There are 2 protein chains.
Amino acid sequence: MTAKSVSHADLVKASAADVRAAIRDGSYDGHTAGLAAGKLQCNLAILPERYALDFLRFCQRNPKPCPIVGISDSGNPALPTLGRDIDIRTDVSKYRVFVNGNLDKEVTDITDIWTDDLVTVALGCSFTFENALLRAGIPVRHSETGKNVPMYRSNIDLVPAGRFSGRMVVTMRPIPEAQVAEAREISSRFPQAHGAPIAAGDPAQIGIADLSQPDWGDAVDIRPGEVPVFWACGVTPQNVLLDAGLPICVTHSPGHMLIADVAEDAETTIMKPV
Amino acid sequence: MTAKSVSHADLVKASAADVRAAIRDGSYDGHTAGLAAGKLQCNLAILPERYALDFLRFCQRNPKPCPIVGISDSGNPALPTLGRDIDIRTDVSKYRVFVNGNLDKEVTDITDIWTDDLVTVALGCSFTFENALLRAGIPVRHSETGKNVPMYRSNIDLVPAGRFSGRMVVTMRPIPEAQVAEAREISSRFPQAHGAPIAAGDPAQIGIADLSQPDWGDAVDIRPGEVPVFWACGVTPQNVLLDAGLPICVTHSPGHMLIADVAEDAETTIMKPV
């Protein structure tokens, strides 16, 4: 943090470009939930070109956990269809760098490890449909209580591609029974952000033994009359990348997403270059 | 045609697998409009692996004309997420083979030219939203009159990727003014099939001089009170592939689509392999 430091509150009403600028110049390195309201936020996977075709196949075959919203040219840190001035080496507030499938470091800039063969794949994020649920008056418990969404390993096999395979990670949000159908309908309008739930009700049906013991994030209360509803989660591709043991790959740190200039409710995630 | 020949009418109520079987064994080589009702039909691009990453980038950046619904492994003629037994070398009723950007031949089987480095990319098709329009009582003029949909070169630049670039080809359907909003709403539910219209009204706004002179397909009447409505067209990627002058690529012949086992209104185009 520098003398220029800005707070999360300072950036809530900022434009996506201004948030990226604050991140880029080192003024902000926090999480991005609620920033640049209304703009698409993205999960990130950066990997060597020789694995990119199989990774794209993997994402296409598993569109609920891995909705592709942007693909860079090889070695090019720009993502012009997502934002006019994005430099993926500097515009995310925290990155995780993995070497041979192990976490090597968590950093705020990857300029020093950038190489000409890296490809960025941006994937949709649940913030998009959570905002839509909130606008419809459907509660999002972990946000209400200042927690991270609970995430669980499911027993749902993913469709493999090349060295990429595994099982789906899911998030859980308790939804009042009377609003489950509406929550399903609303989230189904955002196929670029995990779409409709993949299950609701008994967690055992998807291999989850105990909702009070999430594999990532925080447990949340399920109140009387509420149903646990499960959505595909963007942690899925991160896990799959790890298991693939690539010589190098980079992801965002949880909650530290890439913020695009594209509106989160746009028909497509593509902004036409000027 | 053999002694086993079947007619288009014989296949209207057939399953997708049965239609593919009839095509595969040489019993049927006609167009696929209206066959295996309710199933997803696909545009086809088959190209060498070394161009596949850029072509996928191109499709991702131009999702309206090029909605990706399936990607094969390299050299593998199966597409298990689209259908249980698809063999892309035999299961399309007519193919066009292009060598160095020129049409080399039109055939009903590509087994003899299949190689270990070919990748199949299946793209969504307008049949999907046309069926939804018809169900809602919105007329589809070219179908009513037994014509092919009129297609036009527009002045809309595509977002390039590698050697792939060009301008969008659009289809036009005259829609009664009072039903344009509904047609837009219905087609927007099918992002895997070109989605919402890209323009409506004056064709000059997208660079079309004369609706009576389509670049492909047949001109259709626009009646009093009707508005010409333009959608992105699956001929776009075919044109782009041609212009790219690949040493070899294969597409379906117009109207001779790949029929998948996936329902055309499914939330995703992915069928889980058994």
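The text that follows walks through the structure, step by step, so that each part is easy to find.

Calculation criteria
- Residues numbered from 1 in each chain as written.
- Chains lettered and ligands numbered in written order.
- Predicted model: local features only at pLDDT ≥ 70, side-chain atom pairs only at ≥ 80, totals over all residues.
- Heavy atoms only, no water.
- Helix = DSSP H or I, 4+ residues; strand = E, 2+ residues; numbered from the N terminus.
- Rg over C-alpha atoms; globule rule 2.2 N^0.38 Å.
- Buried < 20%, exposed > 50% of the residue type's maximum accessible area, 1.4 Å probe, protein only.
- Contact = heavy atoms within 4.5 Å.
- Least-squares fit on C-alpha atoms with pLDDT ≥ 70 in both.
- Pairing = 2+ DSSP bridges.
- Axes fitted to C-alpha atoms, helices over the stretch in contact; angles between N-to-C directions.
- Expected span 1.5 Å × (residues − 1).
- Phe/Tyr/Trp six-rings, centres within 6.5 Å; stacked < 30°, edge-to-face > 60°.

1. Quick word on the overall build of chain A
- When you go through chain A residue by residue, the secondary structure sums to seven helices and eleven strands.
- In terms of overall size, chain A behaves like a compact globule, its C-alpha atoms giving a radius of gyration of 18 Å where 274 residues would be expected to give roughly 19 Å.
- If one aligns the C-alpha atoms of chain A with their principal axes, the spans along those axes are about 50 × 45 × 35 Å.
- Within chain A, the fraction of its 274 residues that count as buried is 55%.
- For chain A, long-range pairs separated by at least 24 residues make up 76% of all intrachain contacts whose partners lie at least 6 apart in sequence.

2. Observations concerning the relation of the copies chain B and chain A
- Superposition record for chain B on chain A: RMSD 0.0 Å, screw rotation 180°, translation along axis 0.0 Å. On this basis, the relationship between the two copies can be described by a two-fold rotation axis. For chain B, the minimum C-alpha distance to the rotation axis belongs to B:Leu53 and amounts to 2.8 Å.
- Taken together, the interface assignments show that 100% of the residues at the interface of chain B recur at the interface of chain A, consistent with an identical surface on both copies.

3. Examining the sheet that holds strand β6 (residues 151-157) of chain B
All names here are of chain B.
- Here four strands make up an open sheet; going across it, the order is β6-β7-β9-β8 and the pairing antiparallel. Taken across any chain shown, the strands that pair with only one partner, and hence form the sheet edges, are β6 and β8 (199-200).
- Judged from the four bridges that link them, β6 and strand β7 (residues 167-176) form a sheet pairing that is antiparallel. Its bridge partner being in β7, Tyr152 is matched across the sheet by Val170.
- Along the sheet face, helix α7 (residues 235-244) touches β6 and β7 and points at about 160° away from the line of β7.

4. Quick look at helix α3 (residues 49-61) of chain B
Residue and element names in this part refer to chain B.
- Here α3 contains 13 residues, and its C-alpha end-to-end distance of 19 Å stays within 8% of the 18 Å for a straight helix at 1.5 Å per residue.
- Taking burial as the measure, the 13 residues of α3 include ten buried ones, the bulk of the element.
- Taken as a whole, α3 has its buried residues at Tyr51, Ala52, Leu53, Phe55, Leu56, Arg57, Phe58, Cys59, Gln60 and Arg61.

5. Side note on the packing of aromatic side chains
- With the rule as written, the count across this model stands at eight aromatic pairs over all chains.
- With centroids separated by 5.4 Å and ring planes inclined at 70°, the aromatic side chains of A:Phe55 and A:Phe164 adopt a geometry described as edge-to-face. Here the residue A:Phe55 occupies a position in helix α3 (residues 49-61), and A:Phe164 occupies one in the loop between β6 (151-157) and β7 (167-176), the gap between them amounting to 109 residues. Like A:Phe164, A:Phe55 is buried.
- Look at B:Phe129 and B:Trp231: their rings are 4.9 Å apart centre to centre, the planes differ by 25°, and that puts the pair in the stacked class. A residue pair is termed long-range when its members are at least 10 positions apart, and B:Phe129 in helix α4 (residues 127-135) and B:Trp231 in strand β9 (residues 226-232) qualify at 102 residues.
- We classify B:Phe129 as buried; its relative accessible area is 0%.
- Members of the aromatic cluster, each reached through a chain of ring pairs, are A:Phe55, A:Phe58 and A:Phe164.

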